[in-house]
Amino acid sequence: MAAHTLETSAVFTKTLSKDLLAIAEKVKNGERITPEEGLLLFEKGELSFVASLADFISRRLHDGKVYFNRNFHIEPTNVCVFTCNFCSYSRLYKHRDDGWELSMEQMLDMVKKYDGQPVTEVHIVGGVHPKMNLEFFCELLSKIKAHRPDLHLKGFTAVELDYMFRKAKLTTEEGMTKMRDAGLQSLPGGGAEIFHPDVRAEICPDKVDGDGWLDIHRTAHKLGMHSNATMLYGHIETYAHRIDHMTRLRDLQDETGGFNCFIPLKFRNKDNDMSYVKEVSIVEDMRLYAIARIFMDNFRNLKAYWPMLGREAAQLSLSYGVNDLDGTIDDTTKIYSMAGSEEQNPSLSTEQLCDIILSVGRRPVERDTLYNEIKEYKAE
Ligand code: V47
Ligand code: SF4
């Protein structure tokens, strides 16, 4: 199979059912597949089949380019009013002595540590602390912007925003406008989990629901901001729940076009209230990436978050539709090391990240948050 052609007739006709063959034809012609067809891929699509379709789409969109970003994380606190059963990271307010709460000065010092370094983004996300309110975070944003105007401020999941806006007695639009005016430019994709209420009731009953999450992102897009979308997979959800989740995101993307990328997040089971749930296999991880690439036709970018997946699995995912490995992140990200990821100190230099990409025959390209290309790195 040449890089940009998909030979559906010769390769697949002997082995595939009519339904799967119809999906391959649609992919070849650049057509959207239906939710029923997405479900069929989960139920019947073998790894090699979905991989060839996903890689075809990824090469057609990106010509072998794999993006990464020079960013760093600030996690203001792991104190949280919510009790998501899959979370290994949060501590209730009454147990806050076991957790951390950074002051404004500590967070500004973290930003200053990167003075003179070519980072383009700061990603701010954490627990939902009852005392860290909208005013506090608006002040943080405007102080970071004043210190370093070129840094793109990406921060706060819909869960954090929903809580802050409700506490401030503001509508979503009023609250989001305040955040935007203080300097917030993009929202990360967290808090989406699985939108379906049956699953949410079991894994995260008390935080913003699926419609609320979508409404916050819709509002951000309307105000000219961008955002990401995640899906926490590999726990109690069924294939139908995954398709329902991705369909809702695909519909919102049709409406606003404001999503930058889709990020499947693999459930890790260490030290949380769902430790009894076995983690899914790497074959299921790769099938999920490939099917997401096929189904989410209006999302240009599919990201594997290597601190969660592990660097080798993330490298493998580049053959299953992934075209973004997120960033060169230092060890400020704790959410996955605490949940059992093999990456206990997730830090990669630009050279290491480029080696990972080059050694599987792809083209490493540094991007900014909005996927503007900064530089392509060639093999030495
Ligand atoms: O919403 C929590 C997930 C998310 C576990 O937008 C877990 O660029 C697996 O959304 N096992 C927060 N996942 C992190 C997040 C994110 C990460 C990287 C990049 C971006 C982006 C966003 O982490 C939560 C939840 O879905 N999570 N606990 C766990 N045990
Ligand atoms: Fe809090 Fe987020 Fe953990 Fe849920 S996933 S308990 S909202 S920190």
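Residues numbered from 1 in each chain as written. Chains lettered and ligands numbered in written order. Predicted model: local features only at pLDDT ≥ 70, side-chain atom pairs only at ≥ 80, totals over all residues. Heavy atoms only, no water.

This brings us to the sheet that holds strand E1 (residues 65–69). The strand order across the open sheet built from 4 strands is E9-E1-E10-E11, with neighbouring strands paired in mixed fashion. Single-partner strands in this sheet number two, and they are strand E9 (324–327) and strand E11 (373–376). Recorded for the sheet is a direction-independent mean angle of 30 degrees between the axes of neighbouring strands. Of the strand pairs in this sheet, strand E10 (residues 363–367) and E11 are connected by 3 bridges, and their pairing is antiparallel. Opposite Glu 366, over in E11, you have Lys 375 as the bridge partner. Helix H15 (residues 350–358) contacts E1, E9 and E10 of the sheet and is inclined by roughly 160 degrees relative to E1. (Pairing = 2+ DSSP bridges. Helix = DSSP H or I, 4+ residues; strand = E, 2+ residues; numbered from the N terminus. Axes fitted to C-alpha atoms, helices over the stretch in contact; angles between N-to-C directions. Contact = heavy atoms within 4.5 Å.)

Further remarks concern the site of ligand 2. Taken together, Cys 80, Phe 82, Cys 84, Phe 86, Cys 87, Tyr 89, Ser 90, Gly 127 and Lys 207 make up the full set of residues near ligand 2. Residues of the shell around ligand 2, tallied by class, amount to 6 nonpolar, 2 polar and 1 charged. (Near = heavy atom within 4 Å. Nonpolar A, V, L, I, M, F, W, Y, C, P; charged D, E, K, R; others polar.)

All right, on to the site of ligand 1 then. The full set close to ligand 1 counts 23 residues, and Lys 154, Gly 189, Gly 191, Glu 193 and Lys 303 are the nearest of them. In the environment of ligand 1, an oxygen atom lies 2.7 Å from a nitrogen or oxygen atom belonging to the backbone of Gly 191. Taking Asn 228, its side chain carries an N or O atom lying 3.0 Å from an oxygen atom of ligand 1. Looking at the shell around ligand 1, the elements that each hand over two or more residues are strand E6 (226–233) and strand E7 (259–266). (Polar contact = N/O pair within 3.5 Å; in protein donor to acceptor, adjacent residues only side chain to side chain.)

As a further point, take the side chain of His 221. Take His 221: it is sitting in helix H10 (residues 210–222). Discounting residues that sit within four places of it in the chain, His 221 has contacts with His 226, Ser 227, Thr 256, Gly 258 and Phe 259.

With that out of the way, let us pick up the domain arrangement of the protein. On domain assignment, one finds that the protein holds domain 1 (10–61) and domain 2 (66–289 + 298–376). A separation of 29 Å is found between the C-alpha centroids of domain 1 and domain 2. Contacts between domain 1 and domain 2 engage 18 residues on the former and 21 residues on the latter. For the pairing of domain 1 and domain 2, the buried interface totals around 1,600 Å² over both sides, and the portion due to carbon and sulfur atoms is 58%. Counting the surface domain 1 buries against domain 2, the share from its top three residues, Arg 32, Phe 42 and Leu 47, is 43%. Connecting domain 1 to domain 2 are 2 salt bridges. Between Asp 254 and Arg 32 there is a salt bridge, with the nearest N and O atoms lying 2.9 Å from each other. For the side of domain 1 that touches domain 2, the elements supplying multiple residues, two or more each, are helix H3 (35–44) and helix H4 (47–62). When residues in the side of domain 1 that touches domain 2 are grouped by element, the largest group, 8 residues, is from H4. (Domains from an automatic or database assignment. Buried area = accessible area lost by both parts, 1.4 Å probe. Salt bridge = Lys/Arg side-chain N within 4 Å of Asp/Glu carboxyl O.)

What follows concerns the packing of H10 against helix H11 (residues 239–256). Viewed as axis vectors pointing N to C, H10 and H11 meet at an angle of 20 degrees, and their least axial separation amounts to 11 Å. Put simply, H10 runs roughly parallel to H11. Considering how the two elements wind past one another, H10 and H11 form a crossing that is right-handed. For the pair formed by H10 and H11, the contact residues are Gly 210, Asp 211, Trp 213, Leu 214, His 217, Arg 218 and His 221 on the first element and Arg 248, Leu 249, Leu 252, Glu 255 and Thr 256 on the second. Of the residues in the contact of H10 with H11, the class split is 4 nonpolar, 4 polar and 4 charged. (Parallel < 35°, antiparallel > 145°, perpendicular 65-115°, else oblique. Left-handed = near helix turned anticlockwise from the far one by under 90°.)

Looking now at unusual backbone geometry. Positioned with a positive phi, Lys 169 is a non-glycine residue whose angle comes to about 55 degrees. Relative to the assigned elements, Lys 169 resides in the loop between helix H7 (158–167) and helix H8 (172–182). The exposure class of Lys 169 is exposed, given its relative accessible area of 72%. In this structure, Glu 193 is a non-glycine residue whose phi angle is positive, near 50 degrees. (Buried < 20%, exposed > 50% of the residue type's maximum accessible area, 1.4 Å probe, protein only.)

By the secondary structure assignment, Thr 256 is in helix H11. Given a relative accessible area of 28%, Thr 256 falls into the partly exposed group. When the C-alpha positions of Thr 256 and Phe 72 are compared, they lie 28 Å apart, and in sequence the two are 184 residues distant. Those residues in contact with Thr 256, other than ones at most four positions away along the chain, are Arg 218 and His 221.

Our focus in this paragraph is the packing of aromatic side chains. Ring pairs (aromatic) are described by centroid distance and by the angle formed between their planes. Considering all chains together, one arrives at 12 aromatic pairs under this definition. A ring pair is formed by Tyr 67 and Tyr 371, whose centres lie 5.8 Å apart and whose planes are at 85 degrees; its orientation type is edge-to-face. Here the residue Tyr 67 occupies a position in strand E1, and Tyr 371 occupies one in the loop between E10 and E11, the gap between them amounting to 304 residues. Taken individually, Tyr 67 and Tyr 371 each receive the classification buried, so the pair is uniform in this respect. Seen from their ring centres, Phe 195 and Trp 213 are 5.3 Å apart, and the 50 degrees between their planes marks the pair as tilted. With Phe 195 in the loop between strand E5 (186–187) and helix H9 (197–203) and Trp 213 in helix H10, this pair connects stretches of sequence that are 18 residues apart. (Phe/Tyr/Trp six-rings, centres within 6.5 Å; stacked < 30°, edge-to-face > 60°.)

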